Amino acid sequence: MSKIIAVHSFRGGTGKSNLTANLAVAVALQGNRVAIVDTDLQSPGIHALFNINETITGKTLNDYLWNRSSIADTAYDVSSDLDIEGKGRVFLIPSSINADEIARILCEGYNVSILKSGFRRLIEELQLDYLFIDTHPGLSRETLLSIAISDLLMVILRPDRQDFQGTAVTVNVARQLKVQMMMVINKTPNRMNFSELQQKVEKTYNVPIAAIFPLSEDMAQLGSSGLFCLEYPNHPLSQMLQQVAKKVLINKQ
């Protein structure tokens, strides 16, 4: 049975898109058919991790939202570019980075309800095992919908007071929607006590911690110009990503 995983953070700058892309690829490397949808329509960017040209010439999620395309026609099969072999596949559904398209979204909005039917259609037509949703930070109509229809919500936060306060709002909303959750703490300074941090976060939110990722100079140096788990497959950070992927796979069973 297919599974929808929403990856969300209350604030920007948490590394959410990087984590979404790397986690999705790690899951695909285990022989799964995976799609990633960039629903951050106001500030899209996950396509850069897959080296898709910044002047995207094909269809995007915006075309589907404006009834100019079917949702399946917006999906890029990037599997061969990632050297993924066997049954595993990765499809990317990017949002438009055209300034006029972004302005239209901001000014006019769109019918959020068609996202739900679009996600279901993607799962059916692409025969997906997992659909990852890279959400827009904060809480909006589209993020609320993405959270509500997900089988698992992965909440990303940094060990930062503002992140802690905003994440509490997200967790409360997810609980009201009865959505299963995991948390990932990202960009953690190496000098921090990871064990104490985990205890504090689990006590505060009563949500299991999937991983605590350290602040990585290697990740920063890569600068979103590729997928860390493929560029540095033996790196401790990549091994942690694989462990989180296993938790996602176990969670499906």
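This report concerns the structure included in the present document. (Residues numbered from 1 in each chain as written. Predicted model: local features only at pLDDT ≥ 70, side-chain atom pairs only at ≥ 80, totals over all residues. Heavy atoms only, no water.)

### Side note on unusual backbone geometry
Then step 1. At Asn67, a residue that is not glycine, the phi angle is positive and equals roughly 60°.
Then step 2. Mapped onto the secondary structure, Asn67 falls in the loop between helix H2 (61-65) and strand E3 (76-77).
Then step 3. A residue is classified by how much of its surface remains accessible, and Asn67, at 68% relative accessible area, is exposed.
Then step 4. Despite not being glycine, Lys178 shows a phi value in the positive range, around 60°.
Then step 5. Structurally, the position occupied by Lys178 is in the loop between helix H6 (161-176) and strand E7 (181-188). (Helix = DSSP H or I, 4+ residues; strand = E, 2+ residues; numbered from the N terminus. Buried < 20%, exposed > 50% of the residue type's maximum accessible area, 1.4 Å probe, protein only.)

### Considerations on the packing of helix H4 (residues 113-125) against helix H5 (residues 141-149)
Then step 1. Taken N-terminus to C-terminus, the directions of H4 and H5 make an angle of 45°; their axes are 10 Å apart at the nearest point. Our classification of the angle between H4 and H5 gives oblique. Of the two elements, H4 crosses H5, and the hand of that crossing is right-handed. Side by side, H4 and H5 meet where Leu115, Lys116, Phe119 and Arg120 of the first sit next to Glu142, Leu145, Ser146 and Ile149 of the second.
Then step 2. For the contact of H4 with H5, the class distribution of residues is four nonpolar, one polar and three charged. (Axes fitted to C-alpha atoms, helices over the stretch in contact; angles between N-to-C directions. Parallel < 35°, antiparallel > 145°, perpendicular 65-115°, else oblique. Left-handed = near helix turned anticlockwise from the far one by under 90°. Contact = heavy atoms within 4.5 Å. Nonpolar A, V, L, I, M, F, W, Y, C, P; charged D, E, K, R; others polar.)

### Thoughts on the pattern of salt bridges
Then step 1. All chains considered together, the criterion is met by six salt bridges.
Then step 2. With a shortest N-O distance of 2.6 Å, Asp134 and Lys16 are connected by a salt bridge. You can see Asp134 sitting in strand E5 (residues 130-134) and its partner Lys16 sitting in helix H1 (residues 16-28), a full 118 residues away along the chain. Residue Asp134 shares its accessibility class with Lys16, and that shared class is buried.
Then step 3. Between Asp63 and Arg68 there is a salt bridge; the shortest N-O distance is 2.9 Å.
Then step 4. A single salt-bridge network, built from bridges that share partners, covers Arg11, Arg158, Asp160 and Asp163. (Salt bridge = Lys/Arg side-chain N within 4 Å of Asp/Glu carboxyl O.)

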